[in-house]
Amino acid sequence: MKDFIGDKSVGKEIVDVVFEAAQGAVKATKEFGEDAVVNGAFGTYFKEDKSFLTFDTVYRIFDRVPDFQKAKYASSIAGPPEYQEAVKDWLFKSAGLDINADVIATPGGTGALSSTIKNALNRGETVIHPDIGWGPYKTIAKEMQNPVAYYKLFEDEHFNVESFKETCTQVMKNQGKVLAFINDPCQNPTGYTMRDSEWDEVLTFINELSDQGPFILLLDVAYIDFNKRGDDYKQLFEKLSKMSDNVLSVIAFSVSKTMTAYGMRVGAQVLVSNNEQGRRRFFHACGNTARGVWSTVNNGGMMAFANLALNEENKQAYLQEKNGFVKLLQERAEIMIHEAKEVGLPLYPYHEGFFITIKIDDHVIKNELHLKLKKHNIFFVNVYGGLRVAICSIPKAKITGLAAKIKEVLDTIDPSDDDLESVQDANDNNDVDNDEKNVTP
Ligand SMILES: Cc1ncc(COP(=O)(O)O)c(C=O)c1O
């Protein structure tokens, strides 16, 4: 008997660990009151007074976008010219760079990620992700019917360049082409930012490997505006523009965090390559995806971003407001990291950004800790290799003492307890190992 869904949609039930964990926190808050709950599940920024952060400097600009601009379709599938210029200005010109790039507006960073997989790979070809990464990466690959191969994100306290090289080499050998994701700076979920020396090693390797076939680097910069180096970080893009002809870099840009405008659904694919013909072909393919999947992107949001990026006064006011919140993240992180060290709670190396991840290699212990913390009204997101603590959503007063509390709960878990094996955590996102076994080719 035929089903309502086609064969290619079988097995697509979605369990979004972030939304599930967030719902648990909301329910507990209703039942026990806000003071009794630590909500470290939301990936959106909350202020110290627990209210949702909306940048004033952004929303007053948005107010001034004329109604007809908010109502109309964008003037181009790739985004209005002002928006395309604004994205290039933000990423390149503001850092003194003059880079030849194509910009295609997408619904958030997510649209940029999915369109890149769709247009870079054939169905069934493998995409490369970090083992510890943003959960929806896997959902997007599944949607596009592309299996995933994982590189290990860390070796001790640093980016695992060797694992990245091995995974890419293997995939290149199997399919003659590589699409690899790197999420930098402020990696989700760990808060790691790669060092310049790590980037240099990675880029040299990519250049070498591209002798064997096309290499598409997807650089997900969703949190770029929360890195501590600011525009200085963007010098990396100059290096991307000098790669060999068989390399295409797709910078996945998202306005969601930059403008605290998550629901506005504005982002972009920014294509950088010396191979101008190849880059243009990719641009046209992505344009067709845009027209055929979502049509145009939210025009009011794009115009607001253009008015922010291209007007010096608006931009300076925004930077001043935003920098205060970059600093606040650092203050929250310092409390967590310092206290975790004091009580012996292991964390992955954190540099900056919205999230810190507690390191728990043992899958069963991690699930048990996640469940037990929920019983204490402490909500985190269960990720591969640990529990993600969204310091973007927890005020300093609640972060203080949190590491000790987590450690106390962790210490009550007896690894030799046979009952632990039966722990089923609905929010378990630990299937990277299984995926690896199922990876084709
Ligand atoms: C690492 C990472 N990449 C991309 C995105 C995409 O964000 P959006 O589609 O909301 O712009 C997010 C959002 O949480 C993210 O954390």
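Residues numbered from 1 in each chain as written. Predicted model: local features only at pLDDT ≥ 70, side-chain atom pairs only at ≥ 80, totals over all residues. Heavy atoms only, no water.

(A) Highlighting the overall build of the protein. Of regular secondary structure, the protein possesses 17 helices and 14 strands. Against the compact-globule benchmark of 22 Å for 441 residues, the protein has a radius of gyration of 22 Å, which places it among compact chains. Expressed as lengths along the three principal axes of its C-alpha atoms, the size of the protein is roughly 60 × 55 × 50 Å. Intrachain contacts of the protein at a sequence separation of at least 6 include 76% that bridge at least 24 residues. As displayed, the protein has an accessible area near 19300 Å², and 50% of this comes from carbon and sulfur atoms. Computed over 49 positive and 64 negative side-chain charges, the inter-centroid distance for the protein is 5 Å. (Helix = DSSP H or I, 4+ residues; strand = E, 2+ residues; numbered from the N terminus. Rg over C-alpha atoms; globule rule 2.2 N^0.38 Å. Contact = heavy atoms within 4.5 Å. Areas by Shrake-Rupley, 256 points an atom, 1.4 Å probe, with all protein chains shown as cover. Lys, Arg positive; Asp, Glu negative; His and termini not counted. Charge placed at Lys NZ, Arg CZ, Asp CG, Glu CD.)

(B) Local environment of the site of the ligand. Around the ligand, the surrounding shell holds 13 residues, and the nearest of these are T110, D220, S254, S256 and K257. One of the side-chain N or O atoms of Y223 is found 2.7 Å from an oxygen atom in the ligand. In the environment of the ligand, an oxygen atom lies 2.7 Å from a nitrogen or oxygen atom belonging to the side chain of S254. Computed on the free molecule, the ligand has an accessible area of 400 Å², of which 92% lies beneath the protein chains in the complex. Considering each element in turn, the shell around the ligand owes the most residues, three residues, to helix α5 (residues 108-120). Residue composition of the shell around the ligand, by class: three nonpolar, seven polar and three charged. (Near = heavy atom within 4 Å. Polar contact = N/O pair within 3.5 Å; in protein donor to acceptor, adjacent residues only side chain to side chain. Nonpolar A, V, L, I, M, F, W, Y, C, P; charged D, E, K, R; others polar.)

(C) Local environment of empty space enclosed by the protein. Applying the stated criterion across every chain, the model contains four cavities of 30 Å³ or more. The volume enclosed by the second largest cavity comes to roughly 70 Å³. Lining the second largest cavity are 12 residues, and of these V18, G135, V381, V383 and R388 sit closest to its centre. If you list the elements that add at least two residues to the lining of the second largest cavity, you get α1 (17-32) and β13 (381-383). With three residues, the top contributor of residues to the lining of the second largest cavity is β13. Among the residues forming the lining of the second largest cavity, the class breakdown is six nonpolar, five polar and one charged. (1 Å grid on protein atoms, 1.4 Å probe; cavity = no way out; pocket = protein on both sides within 12 Å on 5 of 7 lines; lining within 4 Å. Points joined across faces, edges and corners; volume = space filled by probe spheres on them.)

(D) Structural view of the sheet that holds strand β14 (residues 386-390). Pairing is antiparallel across the open sheet formed by three strands, whose spatial order is β11-β14-β13. With one partner strand each, in any of the chains shown, β11 (355-359) and β13 form the two edges of the open sheet. Each strand of the sheet is rotated relative to its neighbour by a mean of 35°, with strand direction disregarded. Alignment of β13 against β14, held across three bridges, turns out to be antiparallel. Opposite V383, over in β14, you have G386 as the bridge partner. (Pairing = 2+ DSSP bridges. Axes fitted to C-alpha atoms, helices over the stretch in contact; angles between N-to-C directions.)

(E) Molecular detail of the pairing of strand β7 (residues 178-183). Burial runs high along β7: six of the six residues are buried. Burial along β7 is two-sided: the residues V178, A180 and I182 and L179, F181 and N183 are all buried. Direction of pairing for β7 relative to strand β8 (residues 215-220): parallel, over a ladder of six bridges. Bridge assignment links F181 to a residue of β8, and that residue is L218. Of the crossover connections in this fold, the one passing from β7 over helix α8 (residues 196-209) to the parallel β8 is right-handed. (Buried < 20%, exposed > 50% of the residue type's maximum accessible area, 1.4 Å probe, protein only. Right-handed = clockwise from strand over helix to strand, strands pointing away.)

(F) View of the environment of K396. As for its position among the elements, K396 is in helix α15 (residues 396-399). For the pair K396 and A36, spaced 360 residues apart in sequence, the C-alpha to C-alpha distance is 15 Å. Ignoring any residue separated from it by four or fewer positions in sequence, one finds K396 in contact with E48, L328, E331, R332 and I335. Engagement of the side chain of K396 in a polar contact is seen with the side chain of E331, the distance being 2.8 Å.

(G) A look at the side chain of N377. Mapped onto the fold, N377 is located in the loop between α14 (363-375) and β12 (378-379). Of the residues examined, N377 reaches a relative accessible area of 11% and is grouped as buried.

(H) Highlighting the pattern of salt bridges. Taken as a whole, this structure holds 20 salt bridges when the rule is applied. E48 is the salt-bridge partner of R332, the closest N and O atoms lying 2.8 Å from each other. One end of the pair, R332, is in helix α13 (residues 312-343); the other, E48, is in the loop between β1 (38-39) and α2 (56-64), and 284 residues separate them in sequence. Take R332: its relative accessible area is 0%, and that puts it in the buried class. Accessibility expressed as a relative area gives 32% for E48, which makes it partly exposed. Among the salt bridges present, the one from R280 reaches D102, with a minimum N-O distance of 2.6 Å. Here R280, found in helix α11 (residues 276-293), pairs with D102, found in strand β2 (residues 101-106); they are 178 residues apart in sequence, far enough to count as distant. Residue class for D102 comes out buried when judged on its relative accessible area of 8%. (Salt bridge = Lys/Arg side-chain N within 4 Å of Asp/Glu carboxyl O.)

(I) Broad picture of the packing of α2 against α13. The contact between α2 and α13 brings their axes to 8 Å, and the two run at 145°. Residues D56, T57, V58, I61 and R64 of α2 lie in contact with α13, whose contacting residues are N314, A317, Y318 and E321. Classifying every residue of the contact of α2 with α13 gives four nonpolar, two polar and three charged.

(J) A look at the nonpolar core. F164, F237 and F305 are the most contacted members of the largest nonpolar core, which has 119 residues in total. Examining the composition of this core, we find that eight residues originate from one element, α13, more than from any other. Split by domain, the residues of this core number at least three in each of domain 1 (7-54 + 317-435) and domain 2 (58-310). If near-sequence neighbours (up to four positions away) are discounted, F164 is found in contact with Y151, F159, A180, I182, V202, F205, I206 and F215. Core analysis: the second largest hydrophobic core is formed by 25 residues, A78, I104, L271 and C286 among them. (Core = buried A, V, L, I, M, F, W, Y, C linked by side-chain atoms within 4.5 Å. Domains from an automatic or database assignment.)

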